[in-house]
Amino acid sequence: MGFLQNLYDGFYLNFIKDDRYLWLVSGLKNTLLITIFAVILGTIIGFIVAIIRSTYEKSGSFKILNGVCTVYLTVIRGTPTMIQLLIMNFVILASFNMNPIIVGGLSFGINSGAYVAEIVRSGIMSIDPGQTEAGRSLGLNFTQTMQLIIIPQAFKNVLPALVNEFIVLIKETSIIGYIGMMDLTKGAMTIQSRTFDPTWPLLAAAVIYLVIVMILTFFMKKLERRLRVSER
Amino acid sequence: MSDKKILLEVKGLQKSFGDNLVLAGINTEISQGEVVAVIGPSGSGKSTFLRSLNLLEVPTGGQILFEGVDITDPKVDINRHRQKIGMVFQQFNLFPHKTVKENILLAPVTLKLLSEADANKRALELLERVGLPDKADTYPEMLSGGQKQRIAIARALAMNPDVMLFDEPTSALDPEMVGEVLEIMRELAKDGMTMVVVTHEMGFAREVATRVVFIDEGVIKEENPPEEFFGNPQDIRLKEFLSKVL
């Protein structure tokens with residue numbers, strides 16, 4: 001009975017006593033908020049950059065914008081996410097006293113945008129140029145052709161890679177504790193600092209991350225299957 | 001000037017890719033109701049010529065007048081003119097993520113030329129016309145090559161074009177499917193559609209075309225009505241070419 005009693009005591013001490021589980025709950029809420037903000041921002045940036053870059057590669061237009069995008073990609077992919085987060089918080093936004101959720105969302109969104117851009121660009125480049133020609137020959141303009149013909153097909157092709165990027169993103173937000181944000185990881189560490197027991201809170205945080213990722217993967221598979229109806 | 005309206009007027013058309021001059025000055029006119037077959041050896045520039053007519057290839061010199069407007073002028077809204085120039089590709093280029101009906105509806109509805117309901121009716125009419133009325137809700141993946149090309153023709157027709165360009169429409173098809181596509185094109189010609197067809201089908205050129213154009217080394221070497229063209233060719237390269245393909 002001693003083992004079970006120990007388990008119960010550990011669980012009680014780390015989660016129940018003083019409502020310590022609330023650290024995890026509010027941390028999880030912030031982790032999700034930052035991730036959602038970053039995913040939306042990253043997707044918008046990523047698609048815009050991808051369209052500019054792939055159009056430049058195919059037709060040579062958008063020369064200046066392509067240069068700007070290349071610099072963005074080089075800088076973001078060439079520096080650690082952690083450094084970007086710290087610079088965003090302590091340099092760029094230092095004097096604005098912003099909510100760390102916004103700072104984190106901006107920082108992770110701009111970071112993720114670079115990776116999304118390269119994923120989506122490869123998706124666009126994989127679509128047969130004949131698709132663009134067919135669209136344009138019908139009198140559709142560049143934007144309509146992109147929006148109705150190219151992007152939907154490219155999106156389907158890169159969906160698994162995109163979801164993978166968002167999985168990486170969720171986990172990467174665990175460094176936001178460094179700018180004083182109470183996220184899931186920081187919540188677990190806070191419990192640890194009160195109870196001096198690392199095992200329970202850290203394992204709990206790990207399980208929660210794992211479950212989120214599994215849920216995401218589940219929905220991705222469902223969506224993927226739905227998008228494949230045209231290939232029955 | 002003849003009684004027929006001139007739809008396309010090509011003046012000194014040039015196209016080069018880097019140092020490679022593919023079209024070295026093409027001059028011709030295409031009038032309403034004409035069916036022009038364009039033939040020539042591979043690499044002669046015949047596809048580039050056809051693709052220049054709706055500016056899928058941007059010419060590096062010369063002019064193309066479509067219904068009197070110089071469409072090579074950068075100030076011209078090319079999208080508006082492309083609506084009136086249908087195009088059918090060798091590789092069909094149907095939109096794989098859309099059903100057959102959606103393929104046909106997409107452009108007229110997006111460009112607000114037809115209401116959703118009218119476009120629907122038109123799509124079904126066109127499917128009837130190309131002999132595939134039961135394929136409306138199928139995805140292109142499920143169709144044979146010949147069926148795909150018939151749908152591609154229906155998609156181009158949905159825009160009510162004034163002229164139709166065909167870029168080797170039967171070259172990617174299995175032999176037994178060539179006939180069904182040529183049959184549709186024959187009917188189109190009979191209905192008075194103006195057509196420019198790059199083709200290797202000499203039988204089609206002979207029977208359906210009102211004029212045959214031989215392009216070689218980036219210029220038109222000879223153009224004549226089919227009887228004259230095939231019966232009494234003048235150009236030495238054309239004679240050589242015909243002796244190989246006939």
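Provided above is the structure to which this section pertains.
Residues numbered from 1 in each chain as written. Chains lettered and ligands numbered in written order. Predicted model: local features only at pLDDT ≥ 70, side-chain atom pairs only at ≥ 80, totals over all residues. Heavy atoms only, no water.

## Things to note about the interface of chain B and chain A
So, step 1. Counting residues at the interface gives 25 residues for chain B, matched by 20 residues for chain A.
So, step 2. Between chain B and chain A, the buried area comes to about 2,000 Å², and carbon and sulfur atoms account for 61% of it.
So, step 3. Counting across the chain B and chain A interface gives 1 salt bridge.
So, step 4. Where B:Arg51 meets A:Glu133, a salt bridge forms, and the shortest distance between an N and an O atom there is 2.7 Å.
So, step 5. Joining chain B to chain A, the criterion identifies 6 residue pairs in polar contact (both at pLDDT 80 or more).
So, step 6. Sorting the residues of the side of chain B that touches chain A by element identifies helix H2 (78–82), strand S6 (85–88), helix H3 (100–110) and helix H5 (145–157) of chain B as the ones contributing at least two each.
So, step 7. Ranked by residue count, the leading element in the side of chain B that touches chain A is H3(B), at 3 residues. (Contact = heavy atoms within 4.5 Å. Buried area = accessible area lost by both parts, 1.4 Å probe. Salt bridge = Lys/Arg side-chain N within 4 Å of Asp/Glu carboxyl O. Polar contact = N/O pair within 3.5 Å; in protein donor to acceptor, adjacent residues only side chain to side chain. Helix = DSSP H or I, 4+ residues; strand = E, 2+ residues; numbered from the N terminus.)

## Here's the deal with helix H6 (residues 129–137) of chain A
So, step 1. Of all 9 residues that make up H6(A), 7 are buried, and the element is covered over most of its length.
So, step 2. Of all the positions in H6(A), only A:Gly130, A:Gln131, A:Glu133, A:Ala134, A:Gly135, A:Arg136 and A:Ser137 are classed as buried.
So, step 3. Looking at the buried positions of H6(A), the neighbouring elements they touch are helix H7 (142–172) of chain A together with helix H1 (46–52), H2, S6 and H5 of chain B.
So, step 4. Phi turns positive one or two residues past the end of H6(A), at A:Gly139, with a value near 100 degrees. (Buried < 20%, exposed > 50% of the residue type's maximum accessible area, 1.4 Å probe, protein only.)

## Observations regarding unusual backbone geometry
Residue and element names in this part refer to chain B.
So, step 1. In this model, asparagine 160 sits at a positive phi of 55 degrees, which is unusual for a non-glycine residue.
So, step 2. When you line up the elements, asparagine 160 lands in the loop between H5 and strand S7 (163–167).
So, step 3. The backbone of glutamate 168 shows a phi angle near 45 degrees, a positive value even though the residue is not glycine.
So, step 4. Turning to its location among the elements, glutamate 168 is positioned in the loop between S7 and helix H6 (175–190).

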